[in-house]
Amino acid sequence: MVIKMKILIVGGGGREHAIAMSVARSGRADKIYCAPGNAGIGQIAECVPIGAMEFDKIVAFAKEKAIDLTIVGMDDPLVGGLVDELEAAGLRVFGPKKNAAILEGSKAFSKDLMKKYNIPTAAYETFDDPQAALAYLETASMPVVLKADGLALGKGVLICNTLEEAKDGVRTIMEDKKFGTAGNRMVIEEFITGREVSVLSFVDGKTIRIMSSAQDHKRAQDGNQGLNTGGMGTFSPSPFYTKEVDDFCRKHIYQATVDAMAAEGRPFKGIIFFGLMLTEKGPRVLEYNARFGDPEAQVVLPRMKNDILDVIDACIDGTLEQTELVFEENAAVCVILASNGYPLSYEKGFPIRGLEQFENKEGYYCFHAGTKLTEQGIVTNGGRVLGVTATGATLQEARANAYAATEWIDFDNKYMRRDIGKAIDEAEK
Ligand code: AMP
Ligand code: GLY
């Protein structure tokens, strides 16, 4: 007999909607709660008005409802130690503890770890003092990459083409504290070039299982122009993630990272997201994240055949070695429908029309990110509003399906990139 579980998901974006969908598909979920959730998640889970950083309230809620499993989707609560607090209260939880989430929470930590364990990454130096950083820049070759050490909503990375720009960047991060305390320390890194690939994995402390690859589109405008965003669209699998690349990463990056964390007394249980750059000299780690990507989860999870709760249980219990991940032999593309003006300023509160078109359409998903349920129905409530995902037999087919489905939805100030997955055509050449 299957024992039905009560699940709590922490977060409220498109990624958490994709996680909630996977959990809802599991035969083992009885009741799903999400804190704080959003209007789309509210259709498959009960949203509770508790913020992801309100640890005491989350613990109290999980106890009161006798939650069997909490899944923490977001980086901030992971890095802040929510997993430790839930465990201390005797609750079962999926995600890295604070001492392991530092893999994402501190760029200096992750760079030092890679150096110590020979995991391929761009050359770098770490600085606690702006004067030392400025002096170092005089000797560095341009362009150069500046990274605030801590979490900065994916915005703490500056690519500088000239010495002057770089010096201004150091002052912005370390003196003006544009990214707050994330900039108390910084990493200055060699600029490397190549195609980027996102690889997500499940980890149980010792064993790692790799999910199907994906590629994000971080810039706001077509042709990779404009400002960096949280991600404007994704596709999975990446045709650039070849067998050769996979072999290299398995040999030098994936298990090496898990072993390194264990050797440091920081065993990692949860999701490791490897942000890779495929350079001429081979794959390099650009960054680690301690959670699913957003919007990578929106193309990877719909293609996963495993019951997500089985895989999560194996991670928590340390039995992942006995699990193989299986993905559909298809492809998926996600196009983000944003509010015009994102990532800077934008208006919100506009009614969204057409959401019902996704009901009972196999292979089509409308993941909510910034939406809210009001008396007027569901309205826009953020920069990234929806993630429209479609699957297809090939990447081209998935892309055509996803773009067709973006037309089903309408709201004032709707904005999207028109070239998500254009790189797929290059791969064919
Ligand atoms: P991160 O948050 O570390 O992934 O950096 C954000 C983005 O900055 C990456 O997705 C890359 O596009 C770019 N980036 C980061 N590090 C480097 C680097 N060493 N060389 C070139 N581009 C980089
Ligand atoms: N899509 C990039 C991220 O989730 O960090």
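Residues numbered from 1 in each chain as written. Chains lettered and ligands numbered in written order. Predicted model: local features only at pLDDT ≥ 70, side-chain atom pairs only at ≥ 80, totals over all residues. Heavy atoms only, no water.

Enquirer: Help me out: how do you make sense of the sheet that holds strand β2 (residues 29-36) in this one?
Expert: The strands making up a sheet associate through backbone hydrogen bonding, with each pair oriented either parallel or antiparallel. If you walk across this open sheet you meet the 5 strands as β3-β2-β1-β4-β5, and the pairing is parallel. Each end of this open sheet is capped by a strand with a single partner; those strands are β3 (46-47) and β5 (93-94). Bridge count between β2 and β3: 2 bridges; the pairing is parallel. Bridge assignment links Cys34 to a residue of β3, and that residue is Cys47. (Pairing = 2+ DSSP bridges. Helix = DSSP H or I, 4+ residues; strand = E, 2+ residues; numbered from the N terminus.)

Enquirer: Please clarify how the side chain of Asn306 should be interpreted in this entry.
Expert: Among the structural elements, Asn306 can be located in the loop between α10 (297-300) and α11 (308-317). Look at Asn306 and you get buried, because its relative accessible area is 18%. Within the structure, the side chain of Asn306 is placed 2.9 Å from the backbone oxygen of Glu324, a separation counted as a polar contact. At 2.7 Å, the side chain of Asn306 and the backbone nitrogen of Val326 are in polar contact. In this structure Asn306 touches Val311, Thr323, Glu324, Leu325 and Val326, once residues within four positions along its chain are discounted. (Buried < 20%, exposed > 50% of the residue type's maximum accessible area, 1.4 Å probe, protein only. Polar contact = N/O pair within 3.5 Å; in protein donor to acceptor, adjacent residues only side chain to side chain. Contact = heavy atoms within 4.5 Å.)

Enquirer: Whenever I open this one, the site of ligand 1 confuses me. Can you help?
Expert: Contacts to ligand 1 come from 14 residues, most closely from Glu189, Glu190, Ile192, Glu196 and Glu287. Within the contact set of ligand 1, an oxygen atom lies 3.0 Å away from a side-chain nitrogen or oxygen of Lys147. Measuring from a nitrogen atom of ligand 1, one finds a backbone N or O atom of Glu190 at 2.9 Å. Against a free-state accessible area of 460 Å², the protein chains account for coverage of 90% of ligand 1. Of all elements in the fold, only β7 (144-148), β8 (157-160), β9 (186-190) and β17 (282-289) reach the threshold of two or more residues within the shell around ligand 1. Residues that form the shell around ligand 1 fall into these classes: 7 nonpolar, no polar and 7 charged. (Near = heavy atom within 4 Å. Areas by Shrake-Rupley, 256 points an atom, 1.4 Å probe, with all protein chains shown as cover. Nonpolar A, V, L, I, M, F, W, Y, C, P; charged D, E, K, R; others polar.)

Enquirer: It is not clear to me how the site of ligand 2 should be interpreted in this structure. Could you clarify?
Expert: Neighbouring ligand 2 are the residues Asp216, Gly230, Phe273, Asn289, Arg291, Gly293, Asp294, Pro295 and Glu296. One of the backbone nitrogen or oxygen atoms of Asp294 is found 2.9 Å away from an oxygen atom of ligand 2. A distance of 2.7 Å separates a nitrogen atom of ligand 2 from a polar atom in the side chain of Glu296. Tallied by class, residues from the shell around ligand 2 come to 2 nonpolar, 3 polar and 4 charged.

Enquirer: Hey, could you run me through the packing of helix α5 (residues 98-105) against helix α6 (residues 107-116) in this one?
Expert: The description of two helices packed together rests on the angle between their axes and the distance between the axes. Look at α5 against α6: their axes get within 6 Å of each other, and the N-to-C directions meet at 90 degrees. Looking at the two axes, α5 sits roughly perpendicular to α6. Residues Ile102, Leu103 and Gly105 of α5 form the contact with α6, whose own contacting residues are Lys107, Phe109, Ser110 and Leu113. The class makeup of the residues in the contact of α5 with α6 is 4 nonpolar, 2 polar and 1 charged. (Axes fitted to C-alpha atoms, helices over the stretch in contact; angles between N-to-C directions. Parallel < 35°, antiparallel > 145°, perpendicular 65-115°, else oblique.)

Enquirer: What should I look at first to understand the sheet that holds β8 in this one?
Expert: A sheet is described by the order of its strands in space; here 4 strands give the open sequence β6-β9-β7-β8, paired in antiparallel fashion. Two strands bound the open sheet, and with one partner strand each, they are β6 (124-127) and β8. Direction aside, the axes of adjacent strands within the sheet are offset by 20 degrees on average. Bridge count between β7 and β9: 5 bridges; the pairing is antiparallel. Bridge pairing in β9 links Lys147 to Val187. Running at roughly 140 degrees to β6, α6 makes contact with β6, β7, β8 and β9 of the sheet. Relative to β6, helix α7 (residues 130-137) is tilted by about 155 degrees, and along the sheet it contacts β6, β7 and β9.

Enquirer: Got a minute to help me understand the pattern of salt bridges in this structure?
Expert: Pairing between side chains of opposite charge can happen when the charged atoms of each approach one another. In this structure the tally under the stated criterion is 27 salt bridges. Asp410 is the salt-bridge partner of Arg353, the closest N and O atoms lying 3.0 Å from each other. Residue Arg353 is located in the loop between β18 (331-339) and β19 (364-368), and its partner Asp410 is located in the loop between α12 (395-406) and β23 (414-415); the two are separated by 57 residues in the primary sequence. Given a relative accessible area of 39%, Asp410 falls into the partly exposed group. The shortest N-O distance in the salt bridge between Glu407 and Arg418 comes to 3.7 Å. (Salt bridge = Lys/Arg side-chain N within 4 Å of Asp/Glu carboxyl O.)

The quantities given are spatial measurements derived from coordinates; they are silent on function.
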